[in-house]
Amino acid sequence: MTVHNSAIADMFEELADLLEIREENPFRIRAYRNAARFIRGHARSMAELVESGVDLAELPGIGEDLAGKIATIVGTGKLPLLEQVRARVPAPLVEMTRIEGLGPKRAKALYGALRIRSLEDLQRAARSGRIRELKGFGARTEQLIGQRAERAASAEHRVKLADAEDIARPLVEHLGAVRGVKAVEVAGSYRRRRDTVGDLDVLVSMGRGAGAVMDAFVNYEDVAEVLAKGPTRATVRLRNGVQVDVRVVPPGSFGAALHYFTGSKAHNIAVRKLAMARKLKLNEYGIFRGERSVGGRTEQEVFEAVGLPFIPPELREDRGEIEAARKKKLPSLVELRDIRGDLHCHTNATDGRDTLEAMARAAQELGYEYISANDHSKKVTIAHGLDARRLMQQVRAIDRLNAKLDGIVVLKSAEVDILDDGSLDLPDGVLKELDFTVCAIHYGLARSREKQTERILRAMDNPHFTILAHPTGRLINAREPYDIDLERVIEAARERGRILELNAHPDRLDLDDRGCRMAKQAGVRIAISTDAHRAADLGLMRYGIGQARRGWLESDDVVNTRRLADLRRLLKP
Ligand code: DGT
Ligand code: CA
Ligand code: CA
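The subject of this paragraph is the coordination of the calcium ion (ligand 3). For the calcium ion (ligand 3), every protein donor is listed as Asp199 (OD), Asp199 (OD), Asp201 (OD) and Asp245 (OD), and the spread of their distances is 2.2 to 3.0 Å. The motif formed by the donor residues of the calcium ion (ligand 3), counted along the single chain, is D-x1-D-x43-D. Separating the calcium ion (ligand 3) from the calcium ion (ligand 2) is a gap of 3.8 Å, which aspartate 199 spans by donating to each of them.

Okay, here's the thing in structure tokens:
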């Protein structure tokens, strides 16, 4: 497994925080912080640099000592010094410094003055208003701390969908290899493509011999603890903390079980009501009229029994899908194969890893008709953002590349920063040379709701504004959305004919499902984009598709399902 730059930077940052708590040498602390910032913003992967034998000590701000530590992290995934220091700082303090916005000084103040010893203590202190009474803390800070403590406490229990996939894939393979197994499916929120999952619900279809599946499951190499084991179902906790349920069901009940365990619970309850109205009994074993089974082998049979067409798992949240199904008005949801291009990609001109040409060729291999280059603008110094001159160089490079390429077109664009006053980070004279723009906030995330909303609206007034990138700025399990009035932003986008992005990166999925649905209902179109920083990232599109489907989006709601000529008309109306 390669260690990402962000993971290395996190370690140095935590180290700096802990050393600060211990009031160690400020110069050392600063050196670790600078290193963290440098590594996080570096275009090339430290792991690759180490592997290719580059001497990291040659990099600015990285001396022999840091270079050695980076090499250790890359080689072992660990930083021994960090582990030593962690052991010397009280655990609750270590935990508190990991809360975003709560630096070492404040964590220490809370620990000392309020005797906060856990995230639960911290939540309680925030609720009771004791934090605001401390010097240097206000009511707003107290509220933020309370929210963040709550999130940190609950975040541990939900796993990002992409991580859940990495966990599920080898397990499904392991269970599928047991003799007699006909099918293995992961149901639950995983199958509904929620952005995070609480636990994994695995169903195995097989006639006789469930015992062999149970044995194979509890002996799976990643199992840390067996919580329950019966003849046809078992629950374990894996080493990474994720809980997994496995149930073995006979093929004749598989559809009913798959429907039941896919959920959601609210959807199940609504469907069961329909069954009861028809004098049918519906449960995870099948559909019954009296004692007689009338179906359950497939999900199709379950829906037919209650008089509904098949409802895709992503819609099963009891958010109107049953009503829509009854009226034969289910949306025809967008699919991965509808996508004809990617409208948010970075190259090695800024913080991407691959060249423009490599990105274009990778997109072509996916069968795309177009891809765009959306390198950062100059405000993002950490990514060595483009100024007008360098962007124009890239524009000319794109012209040359397009002359050479056949079957795919590279669109000229940029990820333009929205400055504090709502103006854009590049002059209009340059922006007009582009095919379209993707505009985003990267600084000033803590503005008030009023200011932040106004800032985005002002940006949208610019005639060169096309797509609002990752509109709420959330990072799943790591950063809350910035405070904006999403309804007003959507309304403003509609009035001005602007497009909103659904950023498909599994850490973002932003807009989320509800945001997508709101946009659709308001008549605002969505661009599903990967924000790729390397060619392989183009494959992240499917996470965006999952979220878009949860937001009821159809092909027509998504701009990058269009052929190039039609797309151009939407980008420059
Ligand atoms: P999660 O794990 O929190 O991300 O969400 P789910 O939806 O995977 O929920 P989970 O794992 O508790 O249960 C899996 C499915 O089993 C759930 O989506 C619906 C079904 N289910 C669980 N409990 C009940 C229940 O009390 N009634 C009904 N009708 N269905 C239930
Ligand atoms: Ca689950
Ligand atoms: Ca479960």
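What follows picks up the thread again.
The next subject is the coordination of the calcium ion (ligand 2). Distances from the calcium ion (ligand 2) to its protein donors, Asp199 (O), Asp199 (OD) and Asp201 (OD), fall within 2.2 to 2.7 Å. Viewed at the metal, the six donor atoms of the calcium ion (ligand 2) are separated by angles of 69 to 166°, and the geometry they form is irregular.

An order of E14-E15-E16-E17-E18 is seen for the five strands of this open sheet, with the pairing classed as parallel. Both edges of this open sheet fall to strand E14 (415-417) and strand E18 (526-529), since each of them pairs with a single strand only.

Under the domain assignment, the protein is made up of domain 1 (5-154), domain 2 (156-249), domain 3 (262-330) and domain 4 (336-571). Measuring from the centre of the C-alpha atoms in domain 3 to the corresponding centre in domain 4 gives 39 Å. Tallying the contact residues gives eight residues for domain 3 and seven residues for domain 4. Buried surface at the junction of domain 3 and domain 4, summed over both partners, amounts to about 740 Å²; 44% is from carbon and sulfur atoms. Broken down residue by residue, the surface that domain 3 buries against domain 4 is led by Glu314, Leu315 and Arg319, which jointly contribute 77%. Taken together, the connections running from domain 3 to domain 4 amount to three salt bridges. Between arginine 319 and aspartate 513 there is a salt bridge; the shortest N-O distance is 3.5 Å. Across the domain 3-domain 4 interface, the total number found is four residue pairs in polar contact (both at pLDDT 80 or more). Residue composition of the side of domain 3 that touches domain 4, by class: three nonpolar, one polar and four charged.

Rules of the game
Throughout, residues of each chain are indexed from 1 in the direction in which the sequence is written. To read the labels, note that chains go from A and ligands from 1, taken in the order they are written. Selection of residues for local features in this predicted model requires a pLDDT of at least 70, selection of side-chain atom pairs for listing and counting requires 80 or more, and totals for whole chains, interfaces and linings are taken over all residues. The basis for every side-chain value is the complete set of heavy atoms in the structure, and neither hydrogens nor water enter the calculation. Each metal's donors comprise the N, O and S atoms found within 2.8 Å of it (within 3.2 Å for Na, K or Ca). Water is not part of the atom list, so some coordination spheres may appear incomplete. By the criteria applied here, four donors are tetrahedral when all angles lie between 85 and 135 degrees, four are square planar and six octahedral when opposite donors are over 155 degrees apart and every other angle lies between 65 and 115, and any other arrangement is irregular. Strands pair, by our definition, only if DSSP identifies at least two bridges between them. Numbering of helices and strands starts at the N terminus; helices are DSSP runs of H or I of at least 4 residues and strands are runs of E of at least 2. An automatic or database domain assignment provides the domain bounds reported here. Residues are treated as being in contact if the distance between any of their heavy atoms lies within 4.5 Å. Summed over both partners, buried area is the accessible surface (1.4 Å probe) that two parts give up on being assembled. Just to be clear on terms, a salt bridge is a Lys or Arg side-chain nitrogen sitting within 4 Å of an Asp or Glu carboxyl oxygen. A 3.5 Å cut-off defines polar contacts: any pair of N or O atoms within that distance qualifies, except that in protein one atom must be a possible hydrogen donor and the other a possible acceptor, and neighbouring residues in sequence count only when both atoms are side-chain atoms. Polar here means any residue outside two lists: the nonpolar Ala, Val, Leu, Ile, Met, Phe, Trp, Tyr, Cys and Pro, and the charged Asp, Glu, Lys and Arg; Gly therefore counts as polar.

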